[in-house]
Structures are given as structure tokens and as C-alpha cells.
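Tertiary structure, described
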Amino acid sequence: KAGVTQTPRYLIKTRGQQVTLSCSPISGHRSVSWYQQTPGQGLQFLFEYFSETQRNKGNFPGRFSGRQFSNSRSEMNVSTLELGDSALYLCASSLGTEQGYEQYFGPGTRLTVT
Amino acid sequence: AQSVAQPEDQVNVAEGNPLTVKCTYSVSGNPYLFWYVQYPNRGLQFLLKYITGDNLVKGSYGFEAEFNKSQTSFHLKKPSALVSDSALYFCAVRDIGNNNDMRFGAGTRLTVKP
């Protein structure tokens, strides 16, 4: 089975711009989660989707949004980029949430905001 | 809200010696506990999980972890460390019955010296 794929792998944007990141989960996985990883804050939960519905949301401003499509692929969008948004954005997929399924992570998208 | 603490930023062990990476958690409901490993320039990989049942769980690459409910701990262990075990290790908890989202610890960098 193919793993979780994320596109693009690297991105450079300017403050004030917006960005869309994409994630394709493992075939058959219906849950997709997004995380922000930075050296200072570690891994922070952004949001989780299951069957096109947002199930949980972390403590991030409204500039961060996401969605999930009927084929389970997910996108996250960050509007009005700030320098502090520079991070590795990780996507993870799993079969579900409440059943204790483990998450499988993609390689991440490295976003640099200048 | 749930939280995870990894009290050691760095753990150093000699090859062949046993290793322990510590994790404590705080949840309102029942915990689902996970360990992940991140090798340089790679995504997170699932190691093992505790959902229910036997407190000692075994995972990939010879790792195991013991769930201790009274001490709210889930320490990762390996009887004999390898140089190739050197990586960043993350403990994570999903608070079932509460908000269900996955929260990660800050990570512990394990260095195994030959």
C-alpha cells in the first residue's frame, strides 16, 4: 500500500499570502489529522477530519482551516501568513479515531514564510 | 484537556545497554497511548500503542512499553539499545470519551553511543 503523501514538500511564501497544502491518506483510511511541528513548540494538533466532517480542532487561530473530500483526501489552508507560521506541517491518516487506531504520517510540507 | 509530558529532552545510552524513555500523561477519560519515532528528515513512524488489556505492550524494532495507571505513565523501553535507535521519540495520548484528539509530548532525543 502506498503511504501518506503530502504536496508540495517544500514551499516558500511571503507574509500576507495564503497557502494550501494537500494530503492523500492511505487507501481505506477515512480519518486525516494535521499537525504543526516547530523546534520550539513541538508537535501541535491542528484539526482532525473523519468522513468529510471536522471532528476536533486544536488551539489555532481562524486563519488555519481545512477540509476533507469524499475520497478522504484533505487540504489545509493558511491565510494571511505570518513569519511564525514557518514550520513542518504533518498530515496523518488512520482507519478511525475512537477505536484507538494508530496514525500513519506523511513526510510533511516544509513551509517557510519570509 | 489532556496533556503529555516527556520529562527528559535528551537520553544518552551506550550500545547494548537497556534504554528507557519516560512519558506521563493526564486525561479526563480513558487514555489511548502511543509511541512514535522520528528519524532525521523523515516522518513519524508508529512504534506501539496501549488501548486496553495487558499493561506491557510490545512493538516494532524490539521496543516495549508499560502502562501504569496509578502513576499515569507509559514509559518506552528496550532491553539492548542499538546505535540505529538514535532518533526523536514522541509519546502521544488520545483522551477517549472527552475530546478525542491526539496530543503529543515535546519529544525526547535518544542518542545511542557505540
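For the structure, check the block above.
Read on for an overview of the structure.

Conventions used here
Residues numbered from 1 in each chain as written. Chains lettered and ligands numbered in written order. Predicted model: local features only at pLDDT ≥ 70, side-chain atom pairs only at ≥ 80, totals over all residues. Heavy atoms only, no water. Helix = DSSP H or I, 4+ residues; strand = E, 2+ residues; numbered from the N terminus. Rg over C-alpha atoms; globule rule 2.2 N^0.38 Å. Buried < 20%, exposed > 50% of the residue type's maximum accessible area, 1.4 Å probe, protein only. Contact = heavy atoms within 4.5 Å. Areas by Shrake-Rupley, 256 points an atom, 1.4 Å probe, with all protein chains shown as cover. Lys, Arg positive; Asp, Glu negative; His and termini not counted. Charge placed at Lys NZ, Arg CZ, Asp CG, Glu CD. Buried area = accessible area lost by both parts, 1.4 Å probe. Salt bridge = Lys/Arg side-chain N within 4 Å of Asp/Glu carboxyl O. Disulfide = S-S within 2.5 Å. Polar contact = N/O pair within 3.5 Å; in protein donor to acceptor, adjacent residues only side chain to side chain.

Below, the discussion takes up the overall build of chain B. Each helix and strand counted, chain B has zero helices and twelve strands in total. The order of helices and strands in chain B, counted from the N terminus, is β-β-β-β-β-β-β-β-β-β-β-β. Rg of the C-alpha trace for chain B: 14 Å, near the compact-globule value of 13 Å for 114 residues, within the 12% margin. Counting only C-alpha atoms, chain B reaches 45 × 30 × 20 Å along its principal axes. Looking at chain B as a whole, 48% of its 114 residues qualify as buried. Here the contacts in chain B between residues at least 6 apart in sequence split such that 56% fall between residues at least 24 apart. Element-wise, carbon and sulfur atoms account for 47% of the exposed surface of chain B, whose accessible area totals about 5300 Å². Counting 11 positive and 9 negative side-chain charges, chain B places the centres of these two groups 3 Å from one another.

Below, the discussion takes up the overall build of chain A. Looking only at helices and strands, one finds zero helices and eleven strands in chain A. From first element to last, N terminus to C terminus, chain A shows the α and β order β-β-β-β-β-β-β-β-β-β-β. For a compact globule of 114 residues, the expected C-alpha radius of gyration is about 13 Å, and chain A comes in at 13 Å, within 12% of that figure. Dimensions of chain A along its principal axes, counting C-alpha atoms only, are 40 × 25 × 25 Å. Looking at the 114 residues of chain A, the share that counts as buried comes to 52%. Counted over contacts in chain A with a minimum sequence separation of 6, partners at least 24 positions apart contribute 54%.

Turning our attention to the interface of chain A and chain B. Taken together, the contact between chain A and chain B spans 19 residues of the former and 18 residues of the latter. Taken together, the two surfaces of chain A and chain B that pack against each other cover about 1600 Å², and 52% of this comes from carbon and sulfur. Where chain A packs against chain B, one counts two salt bridges. Between lysine 49 of chain B and glutamate 102 of chain A there is a salt bridge, with its nearest N and O atoms 2.7 Å apart. Among the secondary structure elements, those contributing two or more residues to the side of chain A that touches chain B are strand 4 (31-38), strand 5 (42-50) and strand 9 (87-94) of chain A.

Take the state of the cysteines next. In protein structure, a disulfide is the covalent linkage between the sulfur atoms of two cysteines. Residues and elements named next belong to chain A. Taken as a whole and assessed by the stated rule, the structure comprises two disulfides over all chains. Two residues, cysteine 23 and cysteine 91, share a disulfide whose sulfurs are 1.7 Å apart. Between cysteine 23 and cysteine 91 the disulfide shows an S-S torsion of about -55°. By sign, it is left-handed. Taken as a pair, cysteine 23 in strand 3 (residues 19-24) and cysteine 91 in strand 9 lie far apart in primary sequence, 68 residues in all. Judged by relative accessible area, which is 0%, cysteine 91 ranks as buried.

Glancing now at the environment of threonine 38 of chain A. All names here are of chain A. Here threonine 38 lies in strand 4. For threonine 38 and tyrosine 89, which are 51 residues apart along the polypeptide, the C-alpha to C-alpha distance reads 8.9 Å. Among all residues touching threonine 38, those that are not within four sequence positions of it are Ser86 and Ala87. Here the side chain of threonine 38 touches glutamine 41 through a polar contact of 3.1 Å, landing on its backbone nitrogen.

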